[in-house]
Amino acid sequence: MRKFLIASHGRVASGIKSAVGILTHDDSAITAVDCYLDESDFTPQIQEFLDSVQEGDEAVVFTDLLGGSVCNKVTQMHPERYGVIHVTGVNLITVLGCLLSDEPLTPEVVDGVVETGASLIQRVAVDEEEADDGSDGDFFA
Amino acid sequence: MIVQIRVDDRLIHGQVALLWGKELNTKGIVVANDHAAHDKTQAATLKMACPQGQKLLIRTVEDSIKVANDPRGKDMRIFMLTQTVADAYEVASNCKDNVQGVNIANAGRFDRSDDAQKVLLTTGVNLNPEDLEAARKLCELGIPVIHQVGTTDPRTKVSDLLAKLG
């Protein structure tokens, strides 16, 4: 089973979960932990997720900022000991890429998803001249 | 072979890009839209939205009919997008043997036609008189005509939705 936890400062986590719900109509694989909205300790929720991972599951924890306290806390909980992959710098594209991956989520596959996701973060400068998508021949080739 | 003509008033966008290409296992997308075929900005935007790994053609409705009937495309799984039901009928009625089905997913929300004249077939499907007529004629072509927004959503027969209108 594929399962994800997103932990962030504030509502980035639940925000991304809601976007995934709108795009794919199914956000059930995602647990969202919005941290620092109150004084409560968020680590038990993360520990509960780590403890819930079973043999055969593909599990990823996403945090928001490399070097931030959420990322640091998760790192110190040793997700790798539970077979869980930790990705930081969470963005919608990477979460979707992991959710919809055709391949099992090994560290190498996740590296690929992260790289593709990063390449899709760009300043938009649409080149109208290049928009000609070629001949019918190219399409059918 | 056009595996599906999808009517979506937003043409290519996130959900289409991510989910439908995989679901239908298509190799290429044809956007059948007169405006997009002549507007470089819209064409460039559509190209940007097109998922990597899918070929893209942006053609007028008339040229899209030629693409649908092109023998070179017979064994190629192609996903076609139109903005209106009327455009989908125009294509489907001219290449019936090369179209496996029509999905009226979203229509009429941005076409600026008179709201008072529109009929709400179901959520997200607002048919102006031309599109309503086209929907009825599509259902008589002998190919499946459904309404299914997302790949995990239920699939409804458009003929059932039209029957409810009375």
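## Topic: the overall build of chain B
In step 1: Of regular secondary structure, chain B possesses seven helices and nine strands.
In step 2: Taken over the C-alpha trace, chain B has a radius of gyration of 15 Å; the compact-globule value for 166 residues is 15 Å, and the two agree within 12%.
In step 3: Along the three orthogonal principal directions, the C-alpha set of chain B runs to about 40 × 35 × 30 Å.
In step 4: Per-residue burial for chain B yields a buried fraction of 40% across its 166 residues.
In step 5: If you take every contact in chain B between residues at least 6 apart in sequence, the share linking residues at least 24 apart comes to 69%.

## With respect to the overall build of chain A
In step 1: Helix and strand counts for chain A stand at six helices and four strands.
In step 2: On the principal axes, the C-alpha backbone points of chain A span a range of 60 × 35 × 30 Å.
In step 3: By residue count, 31% of the 141 residues in chain A fall in the buried class.
In step 4: Looking at chain A alone, contacts between residues at least 24 apart form 64% of all its contacts between residues at least 6 apart.

## Details of the interface of chain A and chain B
Often, the extent of an interface is quoted as the loss of accessible area on bringing the components together.
In step 1: Between chain A and chain B, the contact holds 14 residues from the first and 24 residues from the second.
In step 2: Ranked by the residues each element gives to the side of chain A that touches chain B, the list is headed by helix H6 (residues 136-140) of chain A, at three residues.
In step 3: Here the residues of the side of chain A that touches chain B are counted per class, giving seven nonpolar, two polar and five charged.

## Examining the sheet that holds strand S2 (residues 30-35) of chain A
Residues and elements named next belong to chain A.
In step 1: Spatially, the four strands line up as an open sheet ordered S2-S1-S3-S4, and their pairing is parallel. With partners counted over all chains shown, the strands left at the sheet margins are S2 and strand S4 (84-87), one partner each. Strand-to-strand, the axes of this sheet are offset by a mean angle of 15 degrees, without reference to chain direction.
In step 2: Here six bridges tie strand S1 (residues 2-9) to strand S3 (residues 58-63), and the two strands are oriented parallel to one another. Paired with Lys3 across the two strands is Ala59, which belongs to S3.

## Re the nonpolar core
In step 1: Among the nonpolar cores identified, the biggest contains 47 residues, and Val31, Met80, Val85, Ala88, Ile104, Ala135 and Leu138 of chain B are the most heavily contacted of them.
In step 2: In terms of residues, this core owes the most to one element, helix H5 (residues 85-94) of chain B, which gives six residues.
In step 3: Among the nonpolar cores identified, the runner-up in size contains 32 residues, and Ala13, Val84, Cys98 and Leu99 of chain A belong to it.

## Focus: the packing of helix H4 (residues 92-99) of chain A against helix H5 (residues 107-119) of chain A
Residue and element names in this part refer to chain A.
In step 1: Close contact between H4 and H5 brings their axes to 9 Å; oriented N to C, the two are set at 145 degrees. Crossing geometry of H4 relative to H5 is assigned as right-handed. Listed contacts from H5 to Ile93, Thr94, Gly97 and Cys98 of H4 are Val110, Val113, Val114, Thr116 and Gly117.
In step 2: Of the residues that constitute the contact of H4 with H5, the class distribution is five nonpolar, four polar and no charged.

## Let's talk about the pairing of strand S2 (residues 28-32) of chain B
Residue and element names in this part refer to chain B.
In step 1: Of all five residues that make up S2, five are buried, and the element is covered over most of its length.
In step 2: Where S2 meets strand S3 (residues 55-59), five bridges bridge the pair, whose relative direction is parallel. Note on S3: the bridge partner recorded for Val30 is Leu57.
In step 3: Here five bridges tie S2 to strand S4 (residues 78-82), and the two strands are oriented parallel to one another. Each residue of the ladder has a partner; that of Ala32, found in S4, is Thr82.

## Thoughts on the environment of Arg136 of chain B
In step 1: Structurally, the position occupied by Arg136 of chain B is in helix H6 (residues 129-138).
In step 2: In this structure, the C-alpha to C-alpha distance between Arg136 of chain B and Ala163 of chain B, residues 27 residues apart in sequence, is 9.9 Å.

## Quick notes on H4 of chain A
In step 1: Summarising burial for H4 of chain A: six of the eight residues are buried, a large majority.
In step 2: Looking at H4 of chain A, one finds that the buried residues are Thr94, Val95, Leu96, Gly97, Cys98 and Leu99 of chain A.

## Topic: the packing of helix H1 (residues 12-24) of chain A against H4 of chain A
Residue and element names in this part refer to chain A.
In step 1: Packing of H1 against H4 leaves a shortest axis separation of 10 Å and a crossing angle of 55 degrees. By the criterion of interaxial angle, the relationship of H1 to H4 is oblique. Seen along the crossing, H1 lies across H4 with a hand that is right-handed. Contacts between H1 and H4 involve Ile16, Ala19, Val20 and Leu23 on the former and, on the latter, Leu92, Val95, Leu96 and Leu99.
In step 2: Considering only residue class, the contact of H1 with H4 consists of eight nonpolar, no polar and no charged.

## Points about the sheet that holds S3 of chain B
All names here are of chain B.
In step 1: Read across the open sheet, the seven strands follow the order S3-S2-S4-S1-S5-S8-S9; overall the sheet is mixed. Each end of this open sheet is capped by a strand with a single partner; those strands are S3 and strand S9 (156-157).
In step 2: Sitting on the sheet, H5 is in contact with strand S1 (2-8), S2, S4 and strand S5 (102-106), with an inclination near 160 degrees to S1.

What counts and how
Residues numbered from 1 in each chain as written. Chains lettered and ligands numbered in written order. Predicted model: local features only at pLDDT ≥ 70, side-chain atom pairs only at ≥ 80, totals over all residues. Helix = DSSP H or I, 4+ residues; strand = E, 2+ residues; numbered from the N terminus. Rg over C-alpha atoms; globule rule 2.2 N^0.38 Å. Buried ≥ 20, exposed ≤ 12 C-beta atoms within 10 Å, placed from the backbone. Contact = placed C-beta atoms within 7 Å. Nonpolar A, V, L, I, M, F, W, Y, C, P; charged D, E, K, R; others polar. Pairing = 2+ DSSP bridges. Axes fitted to C-alpha atoms, helices over the stretch in contact; angles between N-to-C directions. Core = buried A, V, L, I, M, F, W, Y, C linked by C-beta atoms within 7 Å. Left-handed = near helix turned anticlockwise from the far one by under 90°. Parallel < 35°, antiparallel > 145°, perpendicular 65-115°, else oblique.

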